[in-house]
Amino acid sequence: MKFTLVINGAPWSSPSARTALKFAETALSSGHEIYRLFFYQDGTGNASGYCVAPQDEEDIPARWEALITKHDIDAVVCAASAHKRGILDYAESERYERDGANLRPGFTVSGLGQFIDAATQSDRVVSFVT
Amino acid sequence: MSAPQSYLILARSSPYGSNMPKAALDIALTAAAFEQEVAVVFLDDGVLQLLPNQDTESSGLKNGSKMISALKVYEVQHVYIHLPSAEKSELDLSKVPDEIEAITDELLQDLVSKSDHVMVF
Amino acid sequence: MILHTVNKTGDCLLRCLSMASQDDAVLLIEDGVYAAIDNSANQFTWTSLPTGMSCYALVDDLAARGISDKMLAQISPVDWALFVSLTAEYDKVISWG
């Protein structure tokens, strides 16, 4: 199966980001394909390179980055959601004159149309809601 | 692009208390812009998004009801209000915009069953 | 045939169950697993279920909340692999939250 996952929750704020991560890891190890990960609303926080995980908690953004990099997954962060939450890639940090870019490697910022496109190309869309 | 898919957006949240209503509408509008078949249903607390006379000027909030009125202009084919939810809220249906159709439990279940994508907000 | 995932109890679960039909399945995850506890309130909730509907709860979430051994008989524990399988087996997934 080709999956598209929609991640709506910020890391640690609710269980949903971690549920999504475990689902993604399991789907891949079960032999399925992830067509796209779409990070929406508070879910864009999973792409932040500025999060510092407490030592005794899972580093959820780092785990996403590792998964995305290892499996070369298309990980899209919704631009409108990301901007409000201060998740910016280099081009945007320049454009909006912010001091630094914090989008993690492996993620790209794009529009909500990328979700619609992914939905048409995938066998299953699974949303992880807060 | 491949054949259009059908999207059913279930708007269950009250306005202004969370990002859910806007998130729902953004998906509905994007899907419609990409020529998908889109239906939006206001149910449970979502019917409160349809209360008339929402005056957001002093609160600085973006008025959600204006966008709801424009949904069909932006190619969202169907906008529904769930009758049992409206009745429970004692919402005056005569004050709901004409282009919003009433939907029963049975019809809603049918839409849930038949739509390619059902998203809950 | 729909797989409904539910991550909360209360109105969210009730709305899901009102929209579900007998060929569907419900998977309780996160705080939704509290609806799997064998108590009279939950027994009542699940009596309104369409007969034949399958109900599942995610093992890790049950264990975290200390309710693995307090479950209603009609709810089956599933692990992550089975969660993934269920999403493939059913035609689509609706996430209630």
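Report follows, based on the coordinates. One numbering rule holds for all chains: residues counted from 1, following each sequence as written. Chains and ligands are labelled sequentially in the order written, the chains with letters from A and the ligands with numbers from 1. In keeping with the model being predicted, local features are shown solely for residues with a pLDDT of at least 70 and side-chain atom pairs are shown and tallied solely at 80 or more, while totals for entire chains, interfaces and linings include all residues.

A closer look at the sheet that holds strand β5 (residues 92–96) of chain C
All names here are of chain C. If you walk across this open sheet you meet the five strands as β4-β3-β2-β1-β5, and the pairing is parallel. The two strands at the open ends of the sheet, each matched to only one other strand, are β4 (75–78) and β5. Neighbour-to-neighbour, the strand axes of this sheet turn through a mean angle of 25°, independent of strand direction. In short, DSSP must find at least two bridges between two strands for them to pair. Secondary structure elements are defined from DSSP: runs of H or I of at least 4 residues count as helices, runs of E of at least 2 residues count as strands, and each element is numbered from the N terminus. In terms of strand pairing, strand β3 (residues 54–58) meets β4 through four bridges, oriented parallel. Bridged to Leu58 within β4 is Val78. Contact between two residues is assigned whenever their backbone-derived C-beta positions fall within 7 Å. Inter-axis angles, ranging from 0 to 180 degrees, are taken between N-to-C directions of lines fitted to C-alpha atoms, where helices are fitted over the stretch in contact. Across the face of the sheet, helix α1 (residues 11–19) comes into contact with β1 (2–6), β2 (25–28) and β5 while running at roughly 170° to β1.

What about the nonpolar core?
Put simply, a nonpolar core is a cluster of buried Ala, Val, Leu, Ile, Met, Phe, Trp, Tyr and Cys residues tied together by C-beta atoms within 7 Å. Remark: C-beta atoms are placed from the backbone, and a residue is labelled buried if 20 or more other C-beta atoms sit within 10 Å of its own, exposed if 12 or fewer do, or partly exposed between those counts. Counting 106 residues, the largest nonpolar core has Leu5 of chain A, Ile9, Ala28, Val40 and Val41 of chain B together with Leu28 of chain C as the members making the most contacts within it. Broken down by element, this core gets its largest block of residues, nine residues, from helix α1 (residues 20–33) of chain B. When near neighbours in sequence (up to four residues on either side) are disregarded, Ala28 of chain B contacts Ile9, Val38, Val40, Leu71 and Val76 of chain B.

Quick notes on the interface of chain A and chain B
Listed per partner, the contact involves nine residues of chain A and 14 residues of chain B. Mapped by element, the contributors of at least two residues to the side of chain A that touches chain B are α5 (113–121) and β5 (124–128) of chain A. Sort the elements by how many residues they give to the side of chain A that touches chain B and α5 of chain A lands first, with four residues. Its residues assigned to classes, the side of chain A that touches chain B comprises five nonpolar, four polar and no charged. Classification convention: Asp, Glu, Lys, Arg as charged; Ala, Val, Leu, Ile, Met, Phe, Trp, Tyr, Cys, Pro as nonpolar; all other residues, Gly among them, as polar.

A short note on α1 of chain C
Three- or four-residue spacings in an α-helix give side chains the same orientation, since the helix completes a turn every 3.6 residues. Within the span of α1 of chain C, buried status applies to Cys12, Leu13, Cys16, Leu17 and Met19 of chain C. Along the axis of α1 of chain C, the buried positions cluster into a sector of 165°, meaning they face one direction only. Looking at the buried residues of α1 of chain C, the elements they touch are α4 (105–114) of chain B together with β1, β2, α2 (40–47) and β5 of chain C. The directions from the helix axis to the C-beta atoms are what the arc is built from.

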